[in-house]
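If you want the building blocks of each chain, they are given just below.
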Amino acid sequence: MFRMKVKRVTLVLALIAVLLLTARTMHSFSRFHAVAERFDSVHEGQSWDSVIALLGRPNYHEGSCLQDLSGSGCVRELVYSYPFAPLIPEYYVVDFSANDRVIWTAHLNSP
């Protein structure tokens, strides 16, 4: 009888873990889809705060530039990644100048 209860508790906990993982994955895909849909609305000269309001906080990187791909003096950047990155490398990058204005945007996608 004790073993039956342990099995039930284990099964319930495993089910909860699977449900939480599924919900987390669905949320990640939903956020990435929203970023992908709104990314074309980000334009040069836009402020840091307005980009955060439009796209939300990034799930990958926020802060000093990892690389200045634009060559235009990136000081800060936001990077939004596909939920399975780096296995499936797809990123939306927004670079900012010293006065927190957008200087470059890119959708980086590797086949």
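Notes on the structure in this doc start here. (Residues numbered from 1 in each chain as written. Predicted model: local features only at pLDDT ≥ 70, side-chain atom pairs only at ≥ 80, totals over all residues. Heavy atoms only, no water.)

What follows covers the packing of aromatic side chains. Under the counting rule described, the total for this entry stands at eight aromatic pairs. Ring centres 5.3 Å apart and planes at 90 degrees place the aromatic pair Phe32 and Tyr82 in the edge-to-face group. Of this pair, Phe32 sits in helix H1 (residues 2–38) while Tyr82 sits in the loop between strand E2 (76–81) and strand E3 (90–96), and the two are 50 residues apart along the sequence. Under the relative-accessibility criterion, Phe32 is labelled buried at 9%. Judged by centre distance (6.1 Å) and plane angle (70 degrees), the rings of Tyr82 and Phe84 are edge-to-face. What makes Tyr82 buried here is its relative accessible area of 18%. Among the aromatic side chains, those forming a connected cluster through ring pairs are Phe29, Phe32, Phe39, Tyr82, Phe84 and Tyr92. (Phe/Tyr/Trp six-rings, centres within 6.5 Å; stacked < 30°, edge-to-face > 60°. Helix = DSSP H or I, 4+ residues; strand = E, 2+ residues; numbered from the N terminus. Buried < 20%, exposed > 50% of the residue type's maximum accessible area, 1.4 Å probe, protein only.)

Let us look at the pattern of salt bridges. In a structure, side chains of opposite charge can pair up when their charged atoms sit close to one another. Per the stated rule, a full pass over the model turns up two salt bridges. Salt-bridge contacts for Arg57 lead to Glu62; the nearest nitrogen and oxygen are separated by 2.5 Å. Relative accessible area serves as the criterion here: at 45%, Arg57 is assigned to the partly exposed category. Here Glu62 falls in the partly exposed class, since its relative accessible area comes to 37%. Asp100 is paired through a salt bridge with Arg76; the nearest N and O atoms lie 3.1 Å apart. Here Asp100 is found in the loop between E3 and strand E4 (102–109), whereas its partner Arg76 is found in strand E2, with 24 residues between them in sequence. Overall, Asp100 belongs to the partly exposed group, its relative accessible area being 25%. For Arg76, a relative accessible area of 26% translates into the label partly exposed. (Salt bridge = Lys/Arg side-chain N within 4 Å of Asp/Glu carboxyl O.)

Turning our attention to H1. An α-helical turn contains 3.6 residues, so a residue and the one three or four places further along point in the same direction. Here H1 is 37 residues long and its end C-alpha atoms lie 54 Å apart, about the 54 Å a rise of 1.5 Å per residue gives. Taken together, the buried positions of H1 are Phe32, Ala34 and Val35. (Expected span 1.5 Å × (residues − 1).)

What follows is about the side chain of Ser97. Here Ser97 lies in the loop between E3 and E4. Using a relative accessible area of 14% as the deciding quantity, one classes Ser97 as buried. Leaving out residues up to four positions away in the same chain, Ser97 has contacts with Gly73, Val75 and Ile103. (Contact = heavy atoms within 4.5 Å.)

Attention now moves to the nonpolar core. Ranked by internal contacts, the top residues of the largest apolar core, which has 15 residues, are Val51, Leu55, Leu78, Tyr80, Val94 and Phe96. Of all the secondary structure elements, the ones that give two or more residues to this core are H1, helix H2 (48–55), E2 and E3. Element by element, the count of residues in this core is highest for H2, at four residues. Each residue touching Val51, except ones within four places of it in the same chain, is listed here: Val42, Gln46, Gly56, Leu78, Val94, Phe96 and Val102. (Core = buried A, V, L, I, M, F, W, Y, C linked by side-chain atoms within 4.5 Å.)

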